[in-house]
Amino acid sequence: MAVEPIIASEVVSQLRAAGCVFAEDEAELILGTADGPDQVASMVERRASGLPLEHVLGWAEFHGLRVAVDPGVFVPRRRTEFLVHRALAASRSLADASRPLVVVDLCCGSGALGAALAAALPGTELYAADIEPAAVRCARRNVAPYGGRVYEGDLFDALPAEPRGRIDILTANVPYVPSDEVGLLPAEAREHEPLVALDGGSDGLDIMRRVALAAPDWLAPGGILLTETSERQVPGALAAMAAGGLRAGLVTSEELYANVVTGVRR
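Just so we're clear, the structure is a prediction, and the values are computed from it rather than from any experiment.

Basis of the calculations
- Note on numbering: residues in each chain are counted from 1, in written sequence order.
- Local features are withheld for residues below a pLDDT of 70 in this predicted model, meaning they are given only at 70 or higher, and side-chain atom pairs are given and counted only at 80 or more; totals for whole chains, interfaces and linings count all residues.
- Hydrogen atoms and water are omitted, and side-chain values are computed over all heavy atoms in the structure.
- Any two rings among Phe, Tyr and Trp, with Trp reduced to its six-membered ring, count as a pair given centres within 6.5 Å; such a pair is stacked if its planes are under 30 degrees apart, edge-to-face if over 60, and tilted if neither.
- Secondary structure elements follow DSSP: runs of H or I of four or more residues count as helices, runs of E of two or more count as strands, with numbering from the N terminus.
- When accessible area is computed with a 1.4 Å probe and restricted to protein chains, residues below 20% of their type maximum are described as buried, those above 50% as exposed, and intermediate ones as partly exposed.
- Salt bridges, as used here, are contacts in which a Lys or Arg side-chain nitrogen is within 4 Å of a carboxyl oxygen on Asp or Glu.
- A strand pair is defined by DSSP finding two or more bridges across the two strands.
- Between N-to-C directions, angles cover 0 to 180 degrees, with each direction set by a line fitted to C-alpha atoms, over the stretch in contact for helices.
- Residues count as neighbours in contact if any of their non-hydrogen atoms are within 4.5 Å of one another.

Peer 1: Could you give an account of the packing of aromatic side chains, with specific residues and numbers?
Peer 2: Tallied over the full model, the rule gives one aromatic pair. Aromatic pair Phe156 and Trp218: ring centres 5.3 Å apart, planes at 20 degrees, arrangement stacked. In this pair, Phe156 sits in the loop between strand 5 (149-152) and strand 6 (167-172) while Trp218 sits in the loop between helix 9 (206-214) and strand 7 (219-229), placing the two residues 62 residues apart along the sequence. Grouping residues by exposure puts Phe156 and Trp218 together as buried.

Peer 1: I'd like a description of the pattern of salt bridges, backed by residues and values.
Peer 2: The full count for this structure, using the stated rule, is 13 salt bridges. Between Asp70 and Arg141 there is a salt bridge, and its shortest N-O distance comes to 2.7 Å. On the criterion of sequence distance, the pair formed by Asp70 in the loop between strand 2 (65-68) and helix 5 (81-94) and Arg141 in helix 7 (residues 133-143) is long-range, its members being 71 residues apart. Exposure remark for Arg141: the relative accessible area of 47% places this residue in the partly exposed category. When the shortest N-O distance is used, the salt bridge between Arg166 and Glu125 registers 3.0 Å. Here Arg166 is found in the loop between strand 5 and strand 6, whereas its partner Glu125 is found in strand 4 (residues 125-130), with 41 residues between them in sequence. The exposure class assigned to Arg166 is partly exposed, which follows from its relative accessible area of 32%. A single salt-bridge network, built from bridges that share partners, covers Glu26, Arg47 and Glu188.

Peer 1: Account for the sheet that holds strand 6, naming residues and giving values.
Peer 2: In spatial order, the strands read 5-4-3-6-7-9-8; together these seven strands make up an open sheet with mixed pairing. Edge positions in the sheet fall to strand 5 and strand 8 (246-253), since each has one partner strand and no second. The sheet shows a mean angle of 20 degrees between the axes of neighbouring strands, direction not considered. With six bridges joining them, strand 7 and strand 9 (residues 258-265) adopt antiparallel strand pairing. Directly across from Leu225, in strand 9, lies its bridge partner Gly263. Helix-sheet contacts for helix 5 involve strand 6, strand 7, strand 8 and strand 9, and the interaxial angle to strand 7 is about 165 degrees.

Below is the structure:
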C-alpha cells in the first residue's frame, strides 16, 4: 500500500510513544500489510496496547516463509531458525531415495518448524501436533501447502499410528521456561501467548523429559530428536536425552544465542 510520508511518520511517532524500540521497522511492516488508513489506525492501536507485532500483522517471517500467526498462538522466535538449520543438516544423512523423509513437529504452535522443513525438503511426509486448539487451527493453514497433517492432543498421544518407528526428524520446541520465571517474561509473551507454550515445569525440563523418554519408540533407526533449551539447562537436557536411551549431543549458535540439544536413536 502506497502511504504518504506524513502518514508513515505519524505511525512511527505513535509506535515510539508506545515504547516500541524498533518503531521504524514496525511501521514499515504495518503499512505494508494494511489495506487502508482505517486498518493502519486499528493495527497501530492494537500494537500500542501491547499486542505482539506478529499478532497485529497476522504473520511472522520464519526461515524465509511468511507464517500465519493467530492471536493466542505462540510466536515463532528467530533463534529457533537455528533448530531448523540443524534439522536440515541432519536430513542429509537420513535421505533415502526409496522413500520420503518422515518429519514430526511436536508442540508445533503455528507449525512454523514443520512448514520450514517441508518447504526445504520437498516430498516430506509431515505430521504435527499441539495441545492448544488455536495452535492446531493455525498450524493446519501453514502446513497445508506441503500436505502436512496436524493433530490436537498431548505430545505423542495426539499422533496417528503411521509414523511410529518411522520418524527421521522429530522437532519438539517444547516449553522450557521454569514455572517461577514465567512472570519475568516480557508482557507480550506472558499476556498474549498460551501458558502451556511457555511453562516447562519446576526446572523448565518437564516436557522435554517426557518427549525424550517416549521418542525411541517413534524414531526410525538413526532418527534424530531436536529441541531448544537455555544455556543453563543444557546439562539437564543432555541427561534427559541419555535417560531416554538416545545418543545426546549439543549444537550452539552464538549469533542467535540458541542451544539445540539432539538425541539420536541408536
